[in-house]
Each structure stands twice: as structure tokens, then as C-alpha cells.
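In case you want the letters, here they are:
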Amino acid sequence: MTKNIKTFCVKADPTPNILYPISSPRTYDCIISGMGCAGLSLAVHMIRSGAFTEKKILLIDREEKTLNDRTWCFWETGKGLFEDVVCKKWEKVWFHANGYSDLKNLSPYAYKMIRGKDYYKYCLDIIQAHPNIEILYADIQRIGNSGSNAFVEAGGMMYSAAYVFNSILFHPPVISPKKHHLLQHFKGWIIETKDDRFKTNEATLMDFRPSQEHGTTFVYVMPFSPRRALVEYTLFSPELLQDDGYDEGLKNYIEQQLGISEYVVHEQEFGVIPMTNHRFQERDGRIIHMGTAGGQTKPSSGFTFRFIQKQSARIVQSFLQHGHPFDLKVVGKQRFDWYDSVLLNILSNQTLDGWFVFRQLFKNNHPCRILKFLDNETGIIEEMKLMYSLPQWPFMKAGFRELYT
Ligand SMILES: Cc1cc2nc3c(=O)[nH]c(=O)nc-3n(C[C@H](O)[C@H](O)[C@H](O)COP(=O)(O)OP(=O)(O)OC[C@H]3O[C@@H](n4cnc5c(N)ncnc54)[C@H](O)[C@@H]3O)c2cc1C
């Protein structure tokens, strides 16, 4: 932690036994509860807008993030706010499924990768240059509304603010049996080979050729150099595998599909992302829920990074226009929620195989139309073209069921 930031460390607090009662907590304009992807994104969006220099902002997380705990992949056109930490991008990606393989040109989109560790450091460096922003490392016990403010209880102390932006899921959501709930679970290895094996300008977005016995299964391959790549084995299914199931999937893919027998595993990551049409609450009084806790994970794909960026931008835009962060509506949201529910219905009920649905989409549509759709940014005509490329009767039945349940 550098000097120009005011940091409170709970253990080192000179008055650790003084609890601030709710009537006299330390007061801020905004508190950002959780300094992961969403919390740091919001802080950087606020700073970049230039409109918060006079505001007292407090960021709280239970731990300082120094490890590369995740890698974010996403697509966008042009340069984004976090372009400086994009470690690699690809404009050409392979799609593979039984009976169909094609190298897709994504331009004007690029598929980009950001390493978690770089993102955390980049955001913290920016935040640390702003003395109006404080950071507290402490466990957050609860958040709530109190009168005309919201509060956060962290490390036994009370903090109050006009608005709290929270990305902590304090309790797993109670999902109604009427809602779908799959898991996107994955294990990735960064491997290094002895000789040149990868084309660095061609990634594999989805390869559905591995066995589908455990559910919808695909692998993606992101090469950093001719000898180094991230290979990620991913499933959409209700249950996790045993740990060796992911290792076996990765080994089989590297040997059988990539034809590589000698390699070293340098890093690994494992993750589980909820795929559910449960409606996460975005606002509770003066609390705005963000990130995964605020429903920013796309139910049918698990992609979250871009939706987090868009939510941060909406919050800042709302502040600029109205002086409060509550104008968060997204045009067409209900329509895209319904599309997500329909696809989850098909996958959960196994009406069609996941690999087959994605193959039809990629075989019959320009990839940019698919990426735009997955970003919830298409118009009705483009959506009709996408629907037309899929088996219509099963989708119509699932569509009706989702309208009336
Ligand atoms: C391994 C992995 C890879 C992923 N890859 C992608 C990808 O490629 N593309 C994509 O779009 N999405 C991806 N995701 C999904 C999503 O983008 C990430 O999960 C993202 O980090 C979500 O951001 P968040 O801020 O909502 O949650 P987090 O980043 O998890 O942040 C929550 C923060 O809250 C803190 N916290 C939790 N409880 C407490 C507490 N009680 N007190 C204080 N602090 C607390 C945590 O320390 C953490 O810093 C991935 C997820 C994982 C797990």
C-alpha cells in the first residue's frame, strides 16, 4: 500500500475497541462494499468521469488482492476503459463442433483477455492517486438502510453513506423451483510446450468436440505465444465434477485435439459461475447491488465482465444526469431476460443438446451478430434472424413455457 492513500487496517486500528454506534458512524458520500471486479470498476468509472473529486468515498474488502485469482475474457469494439491491462486480444477465433469447424473473423469486435492481478493493481494505482478515496481492509458483517442513509458494518465498526454500492453476496440466493439453475464450472491451465504449437493470432472460442457425457462441455484455447496458452475446460450442468474430472478433460483435450504430449502446467484456475434466471435485486433503498450479487452475470452464458462495466457506466451516468445513482434501467432488458430463460429452459430440460444449439447459431449467423446478441445489444430484426437459425418448434415451446411460468 503506498503512502498517499488513507488506509485503515482493522487490526492496527489505535482504538479497536471503540464501536461506532449507528447514530454516529463515520460518514461518506459513497461506500463501495467489495473491491473485486465490480467494486474496482465502479471506482475507476467514477474517477474517470471527473465528477467525484469532491466526494468522500470509502472502499472496503476483506483482503488485499495480490494473486491472479481469475482471468477475464470478453469482447468489445474499439478501446475500452481497461485497454491498458488487456494482455492479449484476438480478432480471429475458431468454433468447432461435430461436423462443423470454422475460423471466424470477429472484426470490429476483438476477443480480449485481462489477468485479474493486472486489473486489481491497475485499479488500485488509479484509486491511490485520489486522496478523497479511502480503502479499508476488513470483514463486512452486514449492510443496510437507516433513515436517509445506508450503512456498512465492517470489522466491528459502523460506516454510513448516502449510497452503498455492494458486490458481496452475503447469502446464497434462494432460488424458486420454478427458476432454472445451472452452473458454469471450469478449470483452466496455462501450459507451455517445448516447441512452437500455437498460432498467436487465432484463439479457440468454443470447441464442443470433447465428450458431452457430463453436460454441455466445451474447451477454449487462448494462445499468448507460440508455446504458451490458456486451455480452459468448461461445462454447463447442474452439478460440479470431481476434481480429477476437470484434469482428465484438460489432459484428453491437450493430447487428442491439440496433439500435444509434452507440456508444463504453469498456472491453473478454477471457477463456478451461476447460470440462473433468478432475479437478483439491483436496488434496496440506498443500496445498489453490483456485479454477480447484482444480477450482472448473463444467465445463459456466464459472461459478467462487460455487464459489470456497463452497470458502472450507468451508475455514473445516473449521478451525472440526476444527482443520484438510481436511474439504472436498460432498454430491452425484459426481452433479453426472456431469451436467457428460454435457452436455460432448453439446456436444463435437455430438450436439445447445448453443442447443437451453439453449432446452429455459429453455422448460420455472422459471429458479430451472435456477440452483439450475447451482449444484449441486438435489435428485433437481428434477433429474429438468430431465432430462425435455430430449431423452431422446441424453442417456441420453451418460449411459451417461460412466458407463462
Ligand atoms: C475463475 C473465474 C473466472 C471468470 N472468468 C470470467 C470471464 O472470462 N469473463 C466474464 O465475463 N466473467 C468471468 N467470471 C465471472 C465474473 O466476471 C467474476 O466472477 C467477477 O469477478 C465478478 O465480479 P464481482 O465484483 O461481482 O465479484 P468479485 O470479483 O468476487 O468481488 C467480490 C469481492 O467481495 C469481497 N468480499 C466477499 N465477502 C466479503 C466480506 N464479507 N467482507 C469483505 N469483503 C468481502 C471479495 O474479497 C471480493 O473482492 C469469472 C469468474 C471466476 C470465478
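Keep in mind that this is a model prediction, so the values were computed, not measured.

Chemist: Can you help me understand helix H6 (residues 354-364) in this one?
Modeler: Structurally, the α-helix is built with 3.6 residues per turn, so residues lying three or four positions apart point the same way. Among the residues making up H6, those that are buried are Gly-354, Trp-355, Val-357 and Phe-362. One side of H6 carries all its buried residues, which in axial view fall inside an arc of 160 degrees. Of the surrounding secondary structure, the elements contacted by the buried residues of H6 are strand E6 (92-97), strand E15 (216-225), strand E16 (228-237), helix H5 (333-348) and helix H7 (367-374).

Chemist: Explain the sheet that holds E16 here, please?
Modeler: Within a sheet, each strand pairs with its neighbour through backbone hydrogen bonds, oriented either parallel or antiparallel. Strand order across the open sheet formed by seven strands is E7-E6-E14-E15-E16-E13-E17, with mixed pairing between neighbours. For this open sheet the edge positions go to strand E7 (100-105) and strand E17 (263-276), each flanked by a neighbour on one side alone. Ignoring strand direction, the axes of neighbouring strands in this sheet form an average angle of 15 degrees. Sheet topology note: the strand E13 (residues 181-193)/E16 ladder contains ten bridges and is antiparallel. Counted as the bridge partner of Ile-190 is Leu-230 from E16.

Chemist: Just checking my understanding: could you explain the sheet that holds strand E5 (residues 86-90) for this structure?
Modeler: The strand order across the open sheet built from three strands is E4-E8-E5, with neighbouring strands paired in antiparallel fashion. Since the sheet does not close on itself, it has two edges, and those belong to strand E4 (71-77) and E5, each with one partner. Averaged over all adjacent pairs, the angle separating strand axes in this sheet is 25 degrees, with direction ignored. Across seven bridges, the pairing between E4 and strand E8 (residues 109-115) is antiparallel. Each residue of the ladder has a partner; that of Trp-75, found in E8, is Tyr-111.

Chemist: Could you clarify how one ought to interpret the site of the ligand in this entry?
Modeler: By nearness alone, 27 residues border the ligand, and Gly-34, Gly-36, Ala-38, Gly-271 and Gly-291 come closest of all. Elements with a contribution of two residues or more to the shell around the ligand: helix H1 (37-49), E4, E17 and helix H4 (305-322). Among the residues forming the shell around the ligand, the class breakdown is 13 nonpolar, eight polar and six charged. When residues are assigned to domains, the shell around the ligand turns out to be shared by domain 1 (6-68 + 116-173 + 280-322) and domain 2 (181-275), each giving three or more.

Chemist: Hey, could you run me through the domain arrangement of the protein chain in this one?
Modeler: Many structure descriptions define interface size as the accessible area lost when the parts assemble. Split by domain assignment, the protein chain resolves into domain 1 (6-68 + 116-173 + 280-322), domain 2 (181-275) and domain 3 (337-404). Computed from C-alpha coordinates alone, the two centres of domain 1 and domain 2 are separated by 33 Å. Counting residues at the interface gives six residues for domain 1 and five residues for domain 2. Considering only residue class, the side of domain 1 that touches domain 2 consists of one nonpolar, five polar and no charged.

The rules behind the values
- Residues numbered from 1 in each chain as written.
- Predicted model: local features only at pLDDT ≥ 70, side-chain atom pairs only at ≥ 80, totals over all residues.
- Buried ≥ 20, exposed ≤ 12 C-beta atoms within 10 Å, placed from the backbone.
- Helix = DSSP H or I, 4+ residues; strand = E, 2+ residues; numbered from the N terminus.
- Arc of directions from axis to C-beta.
- Contact = placed C-beta atoms within 7 Å.
- Pairing = 2+ DSSP bridges.
- Axes fitted to C-alpha atoms, helices over the stretch in contact; angles between N-to-C directions.
- Near = placed C-beta within 6 Å.
- Nonpolar A, V, L, I, M, F, W, Y, C, P; charged D, E, K, R; others polar.
- Domains from an automatic or database assignment.

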